[in-house]
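Structure assessment
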Amino acid sequence: MSFYGLVDGSEKSLVDFLNQLSGVDQVGAESRAAMLATRSIKTTSKKWAIETAISMVDLTTLEGADTPGKVRALCSKAVRPDPTDPTVPSVGAICVYNDMVEVARTHLDAIGGKHVPVAAVSTAFPSGRASMEVKIRDTQDAINAGAAEIDMVIDRGAFLAGKYGLVFDEIVKIREVCGEKAHLKVIFETGELVTYDNVRKASYLAMLAGADFIKTSTGKVAPAATPPVVLVMLEAVRDFYTLTQRRIGVKPAGGIRTTKDAIKQLVLVNETAGPDWLTPQLFRIGASALLNDLLMQRMKMSDGYYASPNYVTID
Amino acid sequence: MTFEYAPAPESRAIVSIKPKYGHFINGSFVAGKKHFPTINPATEEILSHISLGGASDVDKAVAAAQKAYTKTWSKLSGKERGKYLYRIARILQERAREFAVLETLDNGKPIRETRDIDIPLVAAHFFYHAGWADKLDYAGLGHSPKAYGVAGQIIPWNFPLLMLAWKVAPALATGNTVVLKPAETTSLTALLFAEVCQQAELPDGVVNIVTGDGSTGAAIVNHPGIHKIAFTGSTDVGKKIARAIASTDKKATLELGGKGANIVFDDAPVDEAVEGIVNGIFFNQGHVCCAGSRLILQESIADEIIEKLKVRMSKIRVGDPLDKNTDLGAINSKEQLVKIKELSAIGDAEGAERWSPQCNLSDKGFWFAPTIFTGVTQAHRIAQEEIFGPVLSVLTFRTPQEAIDKANNTPFGLSAGIWSEKGSRIFWASQHLKAGVIWANTFNKFDPASPFGGYKESGWGREGGKHGLTAYLKTGKETGSK
């Protein structure tokens, strides 16, 4: 098999490819991200950023205590984030565990939310510790239930042990299962990969294996979507586009709770990968609490004052 | 989709600029005789009128400094001097926003840099030197090092307040008093600093500020009551100062020009190297004596780096210096802009290839787009002469030794940068580079604890750190003690 003509899928070709990538200087990457965090986004650009961020939210609930009722409520919110204002765009997707996919899909369809896809976390999320058979079955289940996006986790143990071929093969197989039916997002759990060099290697590994999106974290491990991690991933998709003419999406997830955090992410996108990535097709933010803050900031911009949190729904 | 950043200007309401300023002598402002305008280089708006100091003003300032040295400052213990420095540092922090806005107005540099770099470093210099004031006996400089007396200090326009801090903080910490002349185009923050001295109740005459032009500076250099000269500026003026004091017993530190080499090896962290290149030459509009104005790239990665550099340069936001999102501000003066244009035209004429991103430059004020010249060789004037603007000359090399040879083949020797992920290569290169400051995998980073200064025509002496203290102290036999 040929993967963009860059590797042949063998362990050796992967190692060769990943080893020729430039290293990431930790201090430099962090200072670049910190500098971009000082961008001051006001008035019209803030309004645009808030609405764009809303359209990019993968509205997520990944709790053991999730109920069908909670998922349905989340779906209503996903379609019409602010029930009093129909000009607010729907979110990017709903992100749930496998067993809730059908509940979400059915309810979304019933309330005029056909355009909102359901994303399922897959491959023994969040740890990834299961056999390949189980992971494949897990993914198939989600797709059968109506998931249009699969958020898979990589085997971090294998990655950290340098078994890049193993990690690559898993992604390739899940990519096959997804076929034309589902977009594939590959989660690295950057809090466990630790170094930016690893984040860059994982990014290329996943992109070569056929990922449509690369995603920072499960949301279960901190630190998650820190600005420098997202910066390194955005550099990777930018350079991968130069190599292959294919644009891969980026999804930071975990730790992005405020409008300020979200706007910082959009600035990172704008000045790193570039404005082409400023669309829900290529940038998503995995979050739960963020949406309410975006809505409250949006209200504040039109009303001129901060409303009580009771003016947005809790789920 | 496009993400345009709406204007986010910092308010200038926090500063109040007087229509006219005098000199600061013996603790109070005294009216000058002649005045000249100081303008905002971003708009050419006249901000105020500054006194043109003459020989009599310098006389008065030196007399005040001498008196303050003899009567008060030399009698204070280091601990007491330190208290004043700490107080000044704290006031500078409290008034940081005011200083940042004023510096941006008068100099043209972006508010992001004055706010995040200049002013915090200014306070840091005072804090750092405050700590030394009572520890000089234990600094390894011998028994009881002694102050020289009155220091004459002449500072440039590129980092007006920061260069003041580099000069005033060590002078006061070591027990000297000061006559300082800010640059002609950027006197306002020095005059605001005079207010800080009053606010800190610094004894009268310890800091005196005489504004003016080159003739005022010459009066300071040639004044017999000055014991030590500290100058930061061009190599030409530095040479004049060296000649002027050659037959006197005046001590001098000179921080002069540079043509810093930024060397990128093929194993460099590419994205961070590109950031470092941008920071090396476009920081402060390239008005930096230690700017990385010569980029020396390993040939095997030259195309990749230049391609990425161009992409990155198109993201540089040029415009209103008071806008918090501006990366590159105005050129400080018309005179400097003319010089940058002339040297760039020479680059064209010598056959180097010029590239700049699309920039909408304002008609008012002094502007120059970020520019790189590729295909530059050692023989080009733009590889040899300091442009002191946002203009980068790009050269290539094939072997590490060639990189070092090219880097050192200059009359200057102020700064250099090395980009490599290989530790042994960094150590090897830094041992062979003849430059006072060498950065590895970063550029244009400053800290008061780190000595700064040059080799060859880049100057004499060091500022900052323990080394910087020695420039203001008589040690050993010089002190007269046995």
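Everything numeric here is computed off the predicted structure, so don't read it as measured data.

**Brief notes about the domain arrangement of chain B**
Residues and elements named next belong to chain B. One can read the domain layout of chain B as domain 1 (23–256 + 457–479) and domain 2 (261–447). Computed from C-alpha atoms alone, the centre-to-centre distance between domain 1 and domain 2 is 30 Å. Roughly 2600 Å² of surface becomes buried between domain 1 and domain 2 when both sides are summed, with 60% attributable to carbon and sulfur atoms. Inspection of the region where domain 1 meets domain 2 yields one salt bridge.

**Observations concerning the sheet that holds strand S1 (residues 57–60) of chain A**
All names here are of chain A. Taken in spatial order, the eight strands of this open sheet run S7-S6-S5-S4-S3-S2-S1-S8, and their pairing is parallel. Lying at the two open borders of the sheet, with one neighbouring strand each, are strand S7 (249–251) and strand S8 (285–287). Strand-to-strand twist of the sheet, defined as the mean angle between neighbouring strand axes without regard to direction, takes the value 25 degrees. In terms of strand pairing, strand S5 (residues 183–187) meets strand S6 (residues 213–215) through three bridges, oriented parallel.

**Here we look at helix H3 (residues 96–107) of chain B**
All names here are of chain B. Taking 1.5 Å of rise per residue, 12 residues should cover 16 Å, and H3 covers 16 Å from first to last C-alpha, within 8% of that figure. Counting buried residues in H3 gives 10 out of 12 residues, a clear majority hidden from the surface. The set of residues buried in H3 consists of Glu98, Phe99, Ala100, Val101, Leu102, Glu103, Thr104, Leu105, Asp106 and Asn107. Glycine 108, located one to two residues past H3, shows a positive phi value of around 95 degrees.

**Remarks on the layout of surface pockets**
Its boundaries defined by the atoms lining it, the largest pocket holds a volume of some 1200 Å³. Trp157(B), Phe231(B), Gly233(B), Ser234(B) and Val237(B) are the residues nearest the centre of the largest pocket, which is lined by 42 residues in total. Among the elements that make up the lining of the largest pocket, the one with the highest residue count is helix H8 (residues 235–244) of chain B (six residues). Of the residues assigned to the lining of the largest pocket, the class counts are 17 nonpolar, 14 polar and 11 charged. If you count residues domain by domain, the lining of the largest pocket takes at least three from each of domain 1 (23–256 + 457–479) and domain 2 (261–447) of chain B. In this model, the second largest pocket occupies a volume close to 960 Å³. Lining the second largest pocket are 41 residues, and of these Arg238(A), Asp239(A), Thr242(A), Glu304(B) and Lys308(B) lie nearest its centre.

**Considerations on unusual backbone geometry**
Look at the link from Phe125(A) to Pro126(A): it is a cis peptide, with omega at 0 degrees. Relative to the helices and strands, Pro126(A) is located in the loop between strand S3 (118–122) and helix H6 (132–144). Cis geometry is adopted by the peptide bond preceding Pro223(A), which originates at Ala222(A) and carries an omega value of -5 degrees. Here Pro223(A) lies in the loop between S6 and helix H11 (227–244). Its identity as a non-glycine residue notwithstanding, Phe388(B) has a phi of 60 degrees, on the positive side. Note on placement: Phe388(B) falls in the loop between helix H12 (381–384) and strand S15 (391–397). By relative accessible area, Phe388(B) is classed as buried at 14%. For Lys456(B), which is not glycine, the phi dihedral falls at a positive 45 degrees. Tracing the chain through its elements places Lys456(B) in the loop between strand S17 (437–440) and strand S18 (459–460).

**A closer look at the sheet that holds strand S11 (residues 261–264) of chain B**
All names here are of chain B. Pairing is mixed in the open sheet, where seven strands are placed in the order S13-S14-S15-S12-S11-S16-S17. Bordering the open sheet on either side are strand S13 (353–355) and S17, each of which pairs with just one other strand. On average, each strand axis in the sheet is inclined to that of its neighbour by 20 degrees, with strand direction left out of account. The pairing of S13 with strand S14 (residues 371–374) spans three bridges and is classified as antiparallel.

**Structural notes on the pairing of strand S16 (residues 415–419) of chain B**
Residue and element names in this part refer to chain B. Counting buried residues in S16 gives five out of five residues, a clear majority hidden from the surface. Here S16 shows two buried faces, one formed by Ser415, Gly417 and Trp419 and the other by Ala416 and Ile418. Examined bridge by bridge, S11 and S16 share four bridges and lie parallel to one another. Looking at S16, one finds that isoleucine 263 is bridged to isoleucine 418. With helix H14 (residues 423–432) bridging S16 and the parallel S17, this β-α-β connection has right-handed handedness.

Basis of the calculations
Residues numbered from 1 in each chain as written. Chains lettered and ligands numbered in written order. Predicted model: local features only at pLDDT ≥ 70, side-chain atom pairs only at ≥ 80, totals over all residues. Heavy atoms only, no water. Domains from an automatic or database assignment. Buried area = accessible area lost by both parts, 1.4 Å probe. Salt bridge = Lys/Arg side-chain N within 4 Å of Asp/Glu carboxyl O. Pairing = 2+ DSSP bridges. Helix = DSSP H or I, 4+ residues; strand = E, 2+ residues; numbered from the N terminus. Axes fitted to C-alpha atoms, helices over the stretch in contact; angles between N-to-C directions. Expected span 1.5 Å × (residues − 1). Buried < 20%, exposed > 50% of the residue type's maximum accessible area, 1.4 Å probe, protein only. 1 Å grid on protein atoms, 1.4 Å probe; cavity = no way out; pocket = protein on both sides within 12 Å on 5 of 7 lines; lining within 4 Å. Points joined across faces, edges and corners; volume = space filled by probe spheres on them. Nonpolar A, V, L, I, M, F, W, Y, C, P; charged D, E, K, R; others polar. Right-handed = clockwise from strand over helix to strand, strands pointing away.

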